[in-house]
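Below are the chains, spelled out letter by letter.
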Amino acid sequence: MFSIDRLRALAAVATHGSIARAARTLHMTPSAVSQQLAKLEREAGHALLQPHGRSVRLTHAGRVLAGHADRLIAQLASAQADLADLGSEVLGPLRIGGVGSAVRTLLPDALAALAAEHPRLTPTVVDGEAVDLLPRLADGELDLLLVESWTTRPLAVPEGVRLRTLIGEEVYVALSVHHPLAGRSTIDLAAPADLRALADTAWACCPPGTEPHGTLLQTLRARGVEPDIRYLLADHLTQLALVSRNVAASLTPAMSRRLAPPDVRFLATRPALRRDIRAAWLARAQSPPVRACLSAIATAVATAVPEVPEVPDGDGEEG
């Protein structure tokens, strides 16, 4: 690996045309610059300079390496400037993961606000389920998550993860207008007739291991019904496309209800099912980019989904 000081010496000679002038620029003696260049030639395995009258000029290998040296020195200067700015400016990478509905509803406005307010911030986004995203957060691969927690499956997080509840919303049973229960406004999960109707219905649901899948299983199994889950689809809007064709039913949060096809009916459940969207991050890694993103998402909650109220932080969450 080349020493950055030796690369600086080569770049200075390339710029100023002589060892003496390079030495004055670097505040070194000519002999010290010559020593640095001799060591760099040994490291490179190529002659980098050749005599030219009373001065020197770069060989072809020297010009090639000097070009790389210029870029490396510029990158190092940029890195030093970024580190100096960390205390006063939000910048650098921000790696976000989230469930699809939260990414679709909250992040576009939040990312636009971050781009306008913090142009040196470079966010990236991946979507997925909490079961897959939380280990990546704990391992430091992601900085911030938007995950869901359902009433029958409270979100379990690793030690050191902080949570903030962003949105609390009702969850509905989505049915086609042609389903026998479509004329109802609610489904009574204690009523045998309603449970028989749900038992005879095929379901579209998120894959096993996810909170929606576990909620559907627990809700109906606790009442003696084994749901007929035929369609494993991570996206709620794709599930609703099947619902609209009377192919399946689904459990659908209020966020996705707003974008549903017109031939879908949404029935509240009794007792009510609910879902929270929560931000999650490592307490030890609450960086300025994470704080800025949390602020932008809070604004998105107030503007992008005004009909879904924000709920206060609960026990065990960030105060």
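Residues numbered from 1 in each chain as written. Predicted model: local features only at pLDDT ≥ 70, side-chain atom pairs only at ≥ 80, totals over all residues. Heavy atoms only, no water.

### Focus: the overall build of the protein chain
Point 1. Within the protein chain, the secondary structure is distributed over eleven helices and twelve strands.
Point 2. Relative to the globule expectation of 20 Å for 319 residues, the C-alpha radius of gyration of the protein chain, 30 Å, shows a markedly less compact shape.
Point 3. With the C-alpha coordinates aligned to their principal axes, the bounding extent of the protein chain is approximately 100 × 40 × 35 Å.
Point 4. Excluding contacts between residues fewer than 6 apart, the proportion of contacts in the protein chain whose partners are at least 24 apart in sequence is 73%.
Point 5. Summed over all atoms, the accessible surface of the protein chain reaches about 15,600 Å², with 54% contributed by carbon and sulfur.
Point 6. For the protein chain, the centre of its 32 positive side-chain charges and the centre of its 34 negative side-chain charges are spaced 9 Å apart. (Helix = DSSP H or I, 4+ residues; strand = E, 2+ residues; numbered from the N terminus. Rg over C-alpha atoms; globule rule 2.2 N^0.38 Å. Contact = heavy atoms within 4.5 Å. Areas by Shrake-Rupley, 256 points an atom, 1.4 Å probe, with all protein chains shown as cover. Lys, Arg positive; Asp, Glu negative; His and termini not counted. Charge placed at Lys NZ, Arg CZ, Asp CG, Glu CD.)

### Comments concerning the pairing of strand β1 (residues 49-52)
Point 1. When β1 meets strand β2 (residues 55-58), the two strands line up antiparallel, connected through four bridges. Residue pairing for β2: Leu49 is matched across the bridge by Leu58.
Point 2. If you look at the hairpin formed by β1 and β2, you'll find two residues sitting between the two strands, and Gly53 has a positive phi there, around 65°. (Pairing = 2+ DSSP bridges.)

### Topic: the pattern of salt bridges
Point 1. All chains considered together, the criterion is met by eleven salt bridges.
Point 2. For Asp143, the salt bridge identified is with Arg95, shortest N-O distance 2.7 Å. Highlighted residues: Asp143 in the loop between α6 (130-138) and β5 (144-150) and Arg95 in strand β3 (residues 92-98), separated in sequence by 48 residues.
Point 3. For Asp143, a relative accessible area of 18% corresponds to the buried category.
Point 4. Looking at Arg95, the relative accessible area reads 30%, which means it is partly exposed.
Point 5. Overlapping salt bridges, with partners in common, bring together Glu148, Glu169 and Arg275 in one network. (Salt bridge = Lys/Arg side-chain N within 4 Å of Asp/Glu carboxyl O. Buried < 20%, exposed > 50% of the residue type's maximum accessible area, 1.4 Å probe, protein only.)

### Overview of the packing of helix α2 (residues 19-26) against helix α3 (residues 30-44)
Point 1. Where α2 contacts α3, the two axes come as close as 8 Å, and the packing angle between them is 105°. As far as their axial angle goes, α3 and α2 are roughly perpendicular. Contact residues: α2 offers Ile19, Ala20, Ala23 and Leu26, while α3 offers Pro30, Val33, Ser34 and Leu37. (Axes fitted to C-alpha atoms, helices over the stretch in contact; angles between N-to-C directions. Parallel < 35°, antiparallel > 145°, perpendicular 65-115°, else oblique.)

### Section: the confidence of the model for the protein chain
Point 1. Taken residue by residue, the protein chain gives an average pLDDT of 87. The fraction at 70 or more is 91%.
Point 2. The low-confidence segment residues 306-316 (pLDDT under 50) makes 18 contacts with residues lying over four places distant or belonging to another chain. (pLDDT = per-residue confidence, 0-100.)

### Examining α2
Side chains of residues three or four places apart in an α-helix project in the same direction, reflecting 3.6 residues per turn.
Point 1. Of all the residues in α2, the buried ones are Ile19, Ala22 and Ala23. The buried side chains of α2 occupy one side of the element, clustering within an arc of 100° when seen end-on.
Point 2. On its buried face, α2 is in contact with α1 (4-16), α3 and β2.
Point 3. Within two residues after α2, His27 carries a phi angle of roughly 60°, on the positive side. (Arc of directions from axis to C-beta.)

### Some words on the packing of aromatic side chains
Point 1. Here the structure, examined in full by the defined rule, presents one aromatic pair.
Point 2. The positively charged end of Arg257 is found above the aromatic ring belonging to Tyr172, 4.5 Å away from the centroid. (Phe/Tyr/Trp six-rings, centres within 6.5 Å; stacked < 30°, edge-to-face > 60°. Lys NZ or Arg CZ within 6 Å of the ring centre and 35° of its normal.)

### What to know about the pairing of strand β10 (residues 250-253)
Point 1. Burial along β10 is two-sided: the residues Ser250 and Thr252 and Leu251 and Pro253 are all buried.
Point 2. Looking at chain direction, strand β6 (residues 161-176) and β10 are connected through four bridges and run antiparallel. Note that in β10 the partner of Tyr172 across the bridge is Thr252.

### Some thoughts on the environment of Lys39
Point 1. One can find Lys39 in helix α3.
Point 2. In this structure Lys39 comes out as partly exposed when scored by relative accessible area, which is 35%.
Point 3. Taking the C-alpha atoms as reference points, Lys39 and Gly100, 61 residues apart in sequence, are found 55 Å from one another.

### A word on the state of the cysteines
Point 1. Applying the stated criterion across every chain yields a total of zero disulfides.
Point 2. No disulfide involves Cys206; its sulfur sits 5.5 Å from that of Cys205, the nearest cysteine.
Point 3. Here Cys206 falls in the buried class, since its relative accessible area comes to 1%. (Disulfide = S-S within 2.5 Å.)

### Observations concerning the packing of α1 against α3
Point 1. The contact between α1 and α3 brings their axes to 9 Å, and the two run at 110°. Compared by their axis directions, α1 and α3 come out roughly perpendicular. Residues Asp5, Arg6, Leu7, Ala9, Leu10 and Val13 of α1 pack against Val33, Gln36, Leu37, Lys39, Leu40 and Glu43 of α3.
Point 2. Across the contact of α1 with α3, the residue classes tally to seven nonpolar, one polar and four charged. (Nonpolar A, V, L, I, M, F, W, Y, C, P; charged D, E, K, R; others polar.)

### Thoughts on the nonpolar core
Point 1. If you look at the biggest cluster of nonpolar residues, it comprises 26 residues, and the most contacted ones within it are Leu144, Leu166, Ile277 and Ile297.
Point 2. Secondary-structure elements contributing two or more residues to this core are β3, α5 (100-117), β5, β6, β12 (273-282) and α11 (288-304). (Core = buried A, V, L, I, M, F, W, Y, C linked by side-chain atoms within 4.5 Å.)

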